[in-house]
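What follows is the residue order along each chain.
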Amino acid sequence: MRAVIADGAGGPEVLSVAELPDPEPGPGEVLLQVAAAGLNRADLLQRQGFYPPPPGASDIIGMECSGTVAALGEGVTGWSVGDEACALLSAGGYAERVAVPAGQLMPVPAGVDLVTAAALPEVAATVWSNVFMVAGLEPQETLLVHGGAGGIGTFAIQLAHQLGAKVLTTAGTPEKRAACAALGADVTIDYREEDFVAVVKESTDGHGADVILDNMGAKYLDRNLDALATEGRLVIIGMQGGTKAELDINKLLRKRGAVIATTLRARPTAEKSAICASVVEHVWPLVAEGLVRPVVHGTMPLAEVAAAHALMESGAHSGKILLTL
Ligand SMILES: NC(=O)c1ccc[n+]([C@@H]2O[C@H](COP(=O)([O-])OP(=O)(O)OC[C@H]3O[C@@H](n4cnc5c(N)ncnc54)[C@H](OP(=O)(O)O)[C@@H]3O)[C@@H](O)[C@H]2O)c1
């Protein structure tokens with residue numbers, strides 16, 4: 001099969017397409033003929049040598065894809081050859097074929113084409129698991145989403161808005177803030193020029209954000225605590241602003257707050273499968289109704305993988321970038 005290989009760790013130029021052996025579906029796995037693969041920020045870290053795949057997973061980059069079921073491993077029920085699906089992967093998405101634990105396979109929601117479905121697994125599973133399953137955002141509460149115009153952000157805004165929460169978000173350009181508002185953000189904040197803590201306080205009559213979905217990590221830790229409401233939950237899912245910071249425990253305990261950090265990729269298959277099942281139950285109906293939609297910046301053929309990584313690194317994109325096969 002054609003698959004993306006990396007010639008060492010480094011910039012986008014280390015990536016190219018080569019012929020590799022087809023994967024074999026093991027017991028409980030499904031072999032998918034890939035139609036498209038989604039790019040994720042973590043793919044850039046893996047390419048740079050900072051984010052190795054979990055033990056036992058493929059070396060091929062790619063944490064999500066869509067495609068057609070090509071073969072079933074021993075013991076798989078509920079799927080047939082020829083079914084269309086999208087999948088949350090530990091690795092291996094940038095390839096013509098990938099073996100996936102059956103529990104991490106999800107049907108393509110009604111109204112979404114097969115290629116576009118590759119934009120859904122990571123954002124849906126990350127946002128649903130963190131904002132709703134872990135942080136328990138309630139309809140009358142306020143969510144602050146950092147990086148609202150990114151893949152994760154565009155989905156988080158829509159889902160929280162549809163489920164009745166007030167949504168505040170940060171973004172880097174006027175065009176991106178307008179796009180966030182169109183997706184349902186009540187308040188958009190220019191993270192380059194504005195103090196997001198002050199805007200969150202002003203927009204919530206001093207209450208603060210009940211839940212914060214944070215991609216920045218260290219750089220925003222202290223300001224996120226300032227922006228948090230009493231009994232607020234800060235969920236850190238990214239390290240774009242570094243990994244080490246001082247935590248002011250006094251601020252946190254006076255707010256009876258929680259700081260939670262999670263990663264989807266390192267979770268065991270059973271947990272990922274439970275998250276996928278919950279996404280299909282709770283999120284897919286909203287996608288099928290057109291209330292929450294995948295936001296795709298653009299699609300590029302697999303051979304242009306280096307250019308796709310360079311685009312994501314530039315930050316010029318809004319929503320998801322997909323590789324087609
Ligand atoms: N833990 C997990 O399980 C998990 C799963 C998936 C993703 N993630 C993480 O979630 C984050 C987003 O991923 P993605 O795939 O959506 O990437 P993406 O599309 O490249 O989005 C990155 C976002 O970061 C924003 N950003 C950059 N500098 C910022 C700043 N100073 N303040 C606020 N926002 C800033 C960008 O905003 P502008 O475009 O407006 O500049 C952009 O929206 C990444 O950190 C990724 O690693 C974690």
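Scoring rules and cut-offs
Residues numbered from 1 in each chain as written. Predicted model: local features only at pLDDT ≥ 70, side-chain atom pairs only at ≥ 80, totals over all residues. Heavy atoms only, no water. Phe/Tyr/Trp six-rings, centres within 6.5 Å; stacked < 30°, edge-to-face > 60°. Helix = DSSP H or I, 4+ residues; strand = E, 2+ residues; numbered from the N terminus. Buried < 20%, exposed > 50% of the residue type's maximum accessible area, 1.4 Å probe, protein only. Salt bridge = Lys/Arg side-chain N within 4 Å of Asp/Glu carboxyl O. Patch = residues over 30% accessible without salt bridge, like charges linked within 9 Å, V, L, I, M, F, W, Y side chains within 5 Å. Areas by Shrake-Rupley, 256 points an atom, 1.4 Å probe, with all protein chains shown as cover. UniProt positions renumbered as here; feature names shortened; annotations may be inferred. Core = buried A, V, L, I, M, F, W, Y, C linked by side-chain atoms within 4.5 Å. Domains from an automatic or database assignment. Contact = heavy atoms within 4.5 Å. 1 Å grid on protein atoms, 1.4 Å probe; cavity = no way out; pocket = protein on both sides within 12 Å on 5 of 7 lines; lining within 4 Å. Points joined across faces, edges and corners; volume = space filled by probe spheres on them. Nonpolar A, V, L, I, M, F, W, Y, C, P; charged D, E, K, R; others polar. Pairing = 2+ DSSP bridges. Lys, Arg positive; Asp, Glu negative; His and termini not counted. Polar contact = N/O pair within 3.5 Å; in protein donor to acceptor, adjacent residues only side chain to side chain. Charge placed at Lys NZ, Arg CZ, Asp CG, Glu CD. Bend = angle between axes of the 7 residues up to and from the residue. Near = heavy atom within 4 Å.

Engineer: It is not clear to me how the packing of aromatic side chains should be interpreted in this structure. Could you clarify?
Structural biologist: Centre-to-centre distance and the angle between the planes together describe a pair of aromatic rings. In this structure the tally under the stated criterion is two aromatic pairs. When the ring of Trp128 is compared with that of Phe132, the centres are 4.9 Å apart and the planes differ by 20°; the resulting orientation is stacked. Of this pair, Trp128 and Phe132 are both found in helix H2 (residues 121–134), four residues apart, which corresponds to roughly one turn of the helix. On the basis of relative accessibility, which here comes to 10%, the residue Trp128 falls in the buried class. Considering the side-chain rings of Phe196 and Tyr220, the 4.9 Å spacing of their centres and the 50° angle between planes classify their relative orientation as tilted. A residue pair is termed long-range when its members are at least 10 positions apart, and Phe196 in helix H5 (residues 196–203) and Tyr220 in the loop between strand S11 (209–214) and helix H6 (221–227) qualify at 24 residues. Take Phe196 and Tyr220: they sit in the same class, and that class is buried.

Engineer: Looking at this structure, I do not really get the pattern of salt bridges. What am I missing?
Structural biologist: Think of it this way: side chains of opposite charge can pair up when their charged atoms draw near. One pass over the full model with this rule turns up 10 salt bridges. Its salt-bridge partner being Arg97, residue Asp22 comes within 2.8 Å of it at the nearest N-O pair. Taken together, the residues span a long stretch of sequence, with Asp22 in the loop between strand S2 (15–19) and strand S3 (29–38) and Arg97 in strand S6 (residues 97–101) at a distance of 75 residues.

Engineer: How do you make sense of a nonpolar patch on the surface when you look at a structure like this?
Structural biologist: A contiguous nonpolar surface patch, about 340 Å² in accessible area, is contributed by Leu247, Ile249, Leu253 and Val259. Summarising the element assignment, Leu247 is placed in the loop between strand S12 (228–236) and helix H7 (249–254). According to the relative accessible area criterion, Leu247 is partly exposed, its value standing at 37%.

Engineer: Where do I start with the UniProt feature "domain: Enoyl reductase (ER)" (unreviewed entry) in the protein chain in this structure?
Structural biologist: Within this structure's numbering, the places UniProt gives as "domain: Enoyl reductase (ER)" (unreviewed entry) are residues 10–323. From the first C-alpha to the last, residues 10–323 spans 20 Å; its make-up is 30% helix and 25% strand.

Engineer: Explain the nonpolar core here, please?
Structural biologist: Core analysis: the largest hydrophobic core is formed by 45 residues, its most contacted members being Phe155, Leu159, Val279 and Trp284. Looking at this core, the element that brings in the most residues is H2, giving seven residues. Looking at this core, you find at least three residues from each of domain 1 (2–120 + 267–324) and domain 2 (124–261). The residues contacting Val279, other than those within four sequence positions of it, are Met106, Ala124, Ala125, Trp128 and Trp284.

Engineer: Which parts of the structure should I look at to understand empty space enclosed by the protein?
Structural biologist: The gaps left among the atoms become clear once a water-sized probe is rolled over them. Scanning the model with the defined rule gives one cavity of 30 Å³ or more in all. One number sums up the size of the largest cavity: a volume of about 30 Å³. Ala119, Val123, Gly151, Thr154, Phe155, Gln158, Arg293, Pro294, Val295 and Lys320 are the residues that line the largest cavity. The greatest single-element share of the lining of the largest cavity, amounting to four residues, is contributed by helix H3 (residues 151–162). Residue composition of the lining of the largest cavity, grouped by class: five nonpolar, three polar and two charged.

Engineer: Before we go on, may I ask you to explain the pairing of strand S4 (residues 64–72) in this structure?
Structural biologist: Sheet faces and side chains relate simply in a regular strand, where the side chains alternate between the two faces. Where S3 lies against S4, seven bridges are found, and the strand directions are antiparallel. Residue pairing across strands places Ala36 opposite Ser66, the latter belonging to S4. In this structure, S4 lies alongside strand S5 (residues 84–88), joined through five bridges in antiparallel fashion. Across the sheet, Thr68 pairs through a bridge with Glu84, a residue of S5.

Engineer: Where do I start with the side chain of Lys272 in this structure?
Structural biologist: Within the secondary structure, Lys272 is located in helix H8 (residues 269–282). Despite its burial, Lys272 remains without a salt bridge, the nearest opposite charge being carried by Glu122 at 7.5 Å. At a separation of 2.9 Å, a polar atom in the side chain of Lys272 contacts the main-chain carbonyl oxygen of Arg265. When sequence neighbours within four positions are dropped, the list of residues in contact with Lys272 reads Leu88, Ser90, Gln104, Leu264, Arg265 and Arg267.

Engineer: For this particular structure, what's the right way to read a negative patch on the surface?
Structural biologist: Residues Glu193, Glu194, Asp195 and Glu202 make up a contiguous surface patch of negative charge. Positionally, Glu202 belongs in helix H5.

Engineer: What am I meant to see in H2 here?
Structural biologist: For an α-helix the count is 3.6 residues per turn, leaving residues at separations of three or four pointing the same way. Residue Trp128 marks the point of greatest curvature in H2, where the axis turns by about 25°. If you check which residues of H2 are buried, you get Pro121, Glu122, Val123, Ala124, Ala125, Thr126, Val127, Trp128, Ser129, Asn130, Val131 and Phe132. Two residues or fewer after H2 comes Gly136, characterised by a positive phi angle close to 60°.

Engineer: Please explain the site of the ligand as it appears in this structure.
Structural biologist: The environment of the ligand is formed by 26 residues, the closest being Gly172, Lys176, Tyr191, Tyr220 and Gln240. Arg41 has a polar side-chain atom sitting 2.8 Å from an oxygen atom of the ligand. Only H2, H3 and strand S9 (166–171) provide two or more residues apiece to the shell around the ligand. When residues of the shell around the ligand are assigned to domains, at least three fall in each of domain 1 (2–120 + 267–324) and domain 2 (124–261).

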